[in-house]
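Analysis of the macromolecular model
If you want the building blocks of each chain, they are given just below.
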Amino acid sequence: MVIKDKAYYESFNRRMEYLHKTVDYHTHQANNWKDICRVTKGKRGYGWLNKFARYMNRRHVEKGTKIGVEALNECCNAMTELENCISKD
């Protein structure tokens, strides 16, 4: 088991903060498109906008979910490595 240095964990923390901001961005965008979808639902002349809003909402939800799950997996792997390192000592 290779013990990682402080610089590794600082860069890991910065990466997690960046991913958290990215997930927040996609969540915010998905909420904006959901609101547009609600407003245009059933309104005459806004069918195209409603379809586009549903598409963009789904797109941002999928992107945010994918990034969030990857970040969670990275955190779980790091915690497992640390747990293994601590238990060996």
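Just above sits the structure.
Heads up: these notes are all about the structure in this document.

So, on to the nonpolar core. In this structure, F12, M16, L19, I67, A71 and A78 together form the largest nonpolar core, which totals 6 residues. Residue assignment for this core shows that the elements contributing at least two residues are α1 (6–40) and α2 (47–88). Once residues lying within four places of it in the same chain are set aside, the contact partners of A71 are M16 and L19.

As a further point, take the packing of α1 against α2. One can describe the packing of α1 onto α2 by two numbers: an axis separation of 8 Å at closest approach and a directional angle of 155°. Classified by the angle their axes make, α1 and α2 are roughly antiparallel. Helix-helix and strand crossings are classified by hand; for α1 and α2 the assignment is left-handed. Broken down by class, the residue content of the contact of α1 with α2 amounts to 20 nonpolar, 9 polar and 5 charged.

This brings us to the pattern of salt bridges. By the definition in use, this model includes 2 salt bridges. A salt bridge links K6 to E10; the shortest N-O distance between them is 3.8 Å. One end of the pair, K6, and the other, E10, are both in helix α1, 4 residues apart, so they sit about a helical turn from each other. Look at E10 and you get partly exposed, because its relative accessible area is 37%. In this structure, R15 engages E74 in a salt bridge whose closest nitrogen and oxygen atoms are separated by 3.1 Å. Within this pair, whereas R15 is found in helix α1, its partner E74 is found in helix α2, the two being separated by 59 residues in sequence. You can call E74 partly exposed: its relative accessible area is 25%.

About the thresholds
Residues numbered from 1 in each chain as written. Predicted model: local features only at pLDDT ≥ 70, side-chain atom pairs only at ≥ 80, totals over all residues. Heavy atoms only, no water. Core = buried A, V, L, I, M, F, W, Y, C linked by side-chain atoms within 4.5 Å. Buried < 20%, exposed > 50% of the residue type's maximum accessible area, 1.4 Å probe, protein only. Helix = DSSP H or I, 4+ residues; strand = E, 2+ residues; numbered from the N terminus. Contact = heavy atoms within 4.5 Å. Axes fitted to C-alpha atoms, helices over the stretch in contact; angles between N-to-C directions. Parallel < 35°, antiparallel > 145°, perpendicular 65-115°, else oblique. Left-handed = near helix turned anticlockwise from the far one by under 90°. Nonpolar A, V, L, I, M, F, W, Y, C, P; charged D, E, K, R; others polar. Salt bridge = Lys/Arg side-chain N within 4 Å of Asp/Glu carboxyl O.

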